[in-house]
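Per-entry structural report
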Amino acid sequence: MGEREYDASYQAPPAETGEMELVHAETFIGKYIWSQDAKVIAIQYMLTATAIGLVALALSIVMRLQLGFPDTFSLIDPAEYLQSVSMHGMIMVVYLLTAFFLGGFGNYLIPLMCGTRDMVFPYLNMLSFWFYLVSVLILAAGFFVPGGSTGAGWTLYPPQSISEGTPGVDGGIITMLVSLMVFIAGFTMGGLNYVVTVLQARTRGMTLMRLPLTIWGIFMATVMALLAFPALFVACLMLLFDRLLGTSFFMPEMLGVTQDVAREGGSPVLFQHLFWFFGHPEVYIVALPAFGIVSDLIATHARKNIFGYRMMVWALILIGVLSFVVWAHHMFVSGMNPYFGFLFATTTLIIAVPTAIKVYNWVLTLWRGNIRFTLPMLFAIGFLFTFLNGGLSGLFLGNVTVDVPLSDTYFVVGHFHMVMAVAPILVIFGAIYHWYPKITGRMLNVPLGQIHFWVTFLGTYLIYYPMHFIGLEGVPRRYYAYGETTFISDSVQSLNAFITIAAIVVALAQLLFLFNIVWSYYRGREAGDNPWHATTLEWQTAETPPPHGNFGKELPVVYRWPYDYCVPGVKADFIPQNVPPQAVERDS
Amino acid sequence: MAIAIALIVLAVGSVAFYLFSPWHLTPLASNWEAIDLTVSISFWVTGFVFVAVTLFMVIALIRFRYRGDRRSYYEPENKKLEAWLTGVTTVGIVALLAPGLFVWGSFVSVPEDAHEVEVVGQQWHWSFRFPGEDGTLGAARSGLVDDDNPFGIDPEDPRGQDDVLVESPRVMLPVDRPVKMSLRSKDVIHNFKVAPFRTKMDVVPGQTSYFWFTPTQTGEFEAVCAELCGIAHFAMRGKVEVVEQATFDEWLAEQPTFAELAGRSPGDPEAGAEQFAVCVTCHGGQGQGQLENNAPRLAGLDSDYLKRQLRNFRTGARGESEADPFGQQMRPFAVSLTDAQAIRDLAAFIETLPVEPTRKTIVGDAQRGARLYRTCASCHGAEGQGMPQFKAPRLAGMNDWYLVRQLQNFREGVRGRHPDDLYGNQMVDMAQILVDDAALRDVTAYIATLDGNSTVAAADGQSTEE
């Protein structure tokens, strides 16, 4: 406890690497289209992810109309329902959340927060975005190929994903697999950039233990993604071979209406192992950047140092490592050897410990703070509550026995939407409200933001919390209609109608948010360089928005950790990271 | 402040919802009280943490809301507090995990006195196999499946000869006897789930999986598929009837063994021709169907479907409802057939009848119908040729007025709701995609354009409109 001692004579170490030489583009195309500036690439990522995310949002409304009012709307048939489910899931997890956090915030914040001029491989970085864009286009092409997009669920389990009887078996599954492979190739280029930049290009004085938690979160997530995505890549490739070349990696001997080739000896469960070896770390690939960002939002807007910084860093690392040995908790009832259940339930529940520590440290950061209820803070609190709920329901599903009655029901749907859909999305919103002033130089409109927050936060809770309970009753997921199922009570239908209405309201609120983004770009209040009085380097740039190269002539030198808020004996309530001890104005 | 109030309301509301919502675990009908107990423990432990953390957050938000004259407290870390919190959390996690693992220990260990039932999954229905007198299931694999051997049992394996086959989605189980469900799939992955039994497991092609339980309540329980298995996943239903041992034994004795099925004499069309004389009055000399008698065409239907429907009419699984007067007319004729052999003969004869084109009586938008028909095509075939492996009869060339009436019956639950109509239930679910009578006419109009020739490539909705 108590004050951190600073040695007034402290000098930052000399730079280890030379100044970076950037190619400054002159033309509009060079600056904004084929741009090598990480900040522009970040915006490109964010806009593309938002565009495809809106498609996924629309799909969810189509699904909800079917579930809520099955006798009123005939928008979609069972095939289209499954296609909507599959595309919604894959888009949201991979093409929106992963791309937005790593491609979007990673690109924007890593160079700025580490105090470097750009990513270390700018050209590769540009290529990464264009691969991403191509992957999105291939994915979207799936809607238009004969037979439509795949309806195999986002998990793409063979044999059904490549068998007759599943929508999209003609073309949709092929575009999906190819798109994923292109995405992974593109991500690898970006990911290597993020890792090398964080490890090699930090400015003088920016030790690893002085990195803002945002960077720690993005860094760990990127390392994990680089290790996890290859498993998905080979799974996609092998599945593509099974579909196109008639191999049998995942195909056992089976009946099929139009099996043109004999299948023998493949293992459907092997695909699930590969998929979830990627799929579980993927949850944390989305969650860790959110963990990091929300830590910085809370510290900044509560005007208080993050509580237990070192513990937070080690928790991130521990979660990252552990998340590679829990994948089979998605497969407790998959028909794998049931004795695996003991091991994977244990590892899964162990991971709850570092995760709980993070939650404690966030709320302890609020304790004895001076909390400003700004929009980023509201979203951060919304995240805390939603994540708490979603994390706790994870303790049901991770605990093998408890999982048995709940797996494949709406309990699972409620859980993962809380923990890895709503919670990270709330952080994305909070982060946009937080960094928009740096990106554009203008503040987002507050009343519009308030409406957006309240509708989104309360609305999503009303959507997903009740789902757990119909799942408890046994209502299975991925059902087009429930008909008259004896164990499902009639009231479930009324609840489904209610959830659908809530979902529509929440979706409309997102349009308000988009309007705010556009409107504030032209009409928003001028932000200045550091409207939140934050300590991290991106707020200390000479110009807002920062130009290509980020900092002025001299790179900033870092003298302190990023959480010097309300340091005792210091006059100001925050000390930026680049302020040397000698320059700090103290109370007399 | 508003956010603090919102959090309180949400937390209190969430707990109240848990306590008072009408949705809870279905009443338990098996030995797995222990699973329910682990669920309850999880609710109490996580509920406590949920409320405690939220309350702490709420107090912090209220007490430490922004004041211009306040500075926050500078406290980078507090090792003692962090160690305590880690310790307490670990204890909580152990309290959750230990019972979970303990119960899992019994979940994976099948009692020695359990009897075995094989559940066979297939798009999109269930069937069952009992090991017969020798107590062992014979070897079986999907590659051996054909019309005469629907379970794919290895005919060379002596253990398989006495296996009792239940080729219907309804199965009986004796109460209070532990049962091991061995799971096998003929095609894609399914999951056999009966909510009140609590247990479930994926049914994976190329391997067998299992779970066990002891039914403790007599009664009828619905089985569903809990792993996405394609377009009709939601309509893949079954029934488990838990009965007294004596009833079970009686029922099981009525089911054919593999050897009996293989030795059964096939239908004799010549004998069937004599039976058919009765049918001619209404259905016409060539089984072409006659609208004035409300008798549909029979020619072109596969013998499996004909046998199944004749049995349904005999038992009252079809044609019993007041709302189905024409079905009621059919019942006495079906009852008059002397035995199962007579039904087989008749079905075999009808299969030999020539297929003549039918007259169009329904007007509908075939183009719109083509879109609706995509769902039907998964089972009935792109050309409406019918696919016996899906228990789906031929639709192409059937009288359109008859199709409309049956679709109406399915949609209203007049047909297919009877517990003994084994596959009709699925059509009740599927018919729900036809939200109004226009949709019904449209899809029928489209079916009228099909020629039932399965060799034609996939149906093209655009070019088939007349």
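All values reported here derive from a predicted model rather than from experimental measurement.

Across its full length, chain A carries 14 helices and zero strands. Secondary structure of chain A in N-to-C order comes out as α-α-α-α-α-α-α-α-α-α-α-α-α-α. Taking 25 Å as the expected radius of gyration for a compact globule of 588 residues, we find that chain A reaches 24 Å, a close match to that expectation. Its C-alpha atoms put chain A at 80 × 50 × 50 Å along the principal axes. Residues counted as buried form 67% of the 588 residues belonging to chain A.

This part takes up the confidence of the model for chain B. All names here are of chain B. For chain B, the average pLDDT comes to 89, and 97% of its residues sit at 70 or higher. When the criterion is pLDDT under 50, residues 455-466 qualifies, and its contacts beyond four places in sequence or with other chains add up to 17 contacts. The ipTM value of the predicted complex is 0.93, and its pTM value is 0.91.

Domain annotation for chain B reports domain 1 (2-107), domain 2 (115-263), domain 3 (266-356) and domain 4 (359-466). Using only C-alpha atoms to locate each centre, domain 2 of chain B and domain 3 of chain B end up separated by 30 Å.

Let's shift gears to the side chain of B:Thr199. As for its placement among the helices and strands, B:Thr199 is situated in the loop between β6 (190-193) and β7 (200-203). Overall, B:Thr199 belongs to the buried group, its relative accessible area being 2%.

Take the packing of aromatic side chains next. The description of an aromatic ring pair rests on the distance of the ring centres and on the angle between the ring planes. A complete count under the given rule lists 78 aromatic pairs over all chains for this structure. Judged by centre distance (5.6 Å) and plane angle (75°), the ring pair of A:Tyr45 and A:Phe129 falls under edge-to-face. Taken as a pair, A:Tyr45 in helix α2 (residues 38-68) and A:Phe129 in helix α4 (residues 122-141) lie far apart in primary sequence, 84 residues in all. An identical accessibility class is assigned to A:Tyr45 and A:Phe129; each is buried. Between A:Tyr465 and B:Phe17, the ring centres sit 5.8 Å apart and the planes meet at 65°, which makes this aromatic pair edge-to-face. You can see A:Tyr465 sitting in helix α13 (residues 446-473) and its partner B:Phe17 sitting in helix α1 (residues 2-20), one on each of two chains. Looking at B:Phe17, the relative accessible area reads 23%, which means it is partly exposed. The ring of B:Tyr73 carries the charged tip of A:Arg368 above its face, separated from the ring centre by 3.8 Å.

A few words on the packing of helix α11 (residues 400-412) of chain B against helix α13 (residues 437-447) of chain B. Residue and element names in this part refer to chain B. Packing of α11 against α13 leaves a shortest axis separation of 10 Å and a crossing angle of 140°. Between α11 and α13, the interaxial angle falls into the category oblique. Crossing hand, α11 versus α13: right-handed. Where α11 approaches α13, its residues Asp 400, Leu 403, Val 404, Leu 407, Gln 408 and Arg 411 are matched on the opposing element by Asp 437, Leu 440, Val 443, Thr 444 and Ile 447. Of the residues assigned to the contact of α11 with α13, the class counts are six nonpolar, two polar and three charged.

Definitions and limits used
- Residues numbered from 1 in each chain as written.
- Chains lettered and ligands numbered in written order.
- Predicted model: local features only at pLDDT ≥ 70, side-chain atom pairs only at ≥ 80, totals over all residues.
- Heavy atoms only, no water.
- Helix = DSSP H or I, 4+ residues; strand = E, 2+ residues; numbered from the N terminus.
- Rg over C-alpha atoms; globule rule 2.2 N^0.38 Å.
- Buried < 20%, exposed > 50% of the residue type's maximum accessible area, 1.4 Å probe, protein only.
- pLDDT = per-residue confidence, 0-100.
- Contact = heavy atoms within 4.5 Å.
- Domains from an automatic or database assignment.
- Phe/Tyr/Trp six-rings, centres within 6.5 Å; stacked < 30°, edge-to-face > 60°.
- Lys NZ or Arg CZ within 6 Å of the ring centre and 35° of its normal.
- Axes fitted to C-alpha atoms, helices over the stretch in contact; angles between N-to-C directions.
- Parallel < 35°, antiparallel > 145°, perpendicular 65-115°, else oblique.
- Left-handed = near helix turned anticlockwise from the far one by under 90°.
- Nonpolar A, V, L, I, M, F, W, Y, C, P; charged D, E, K, R; others polar.

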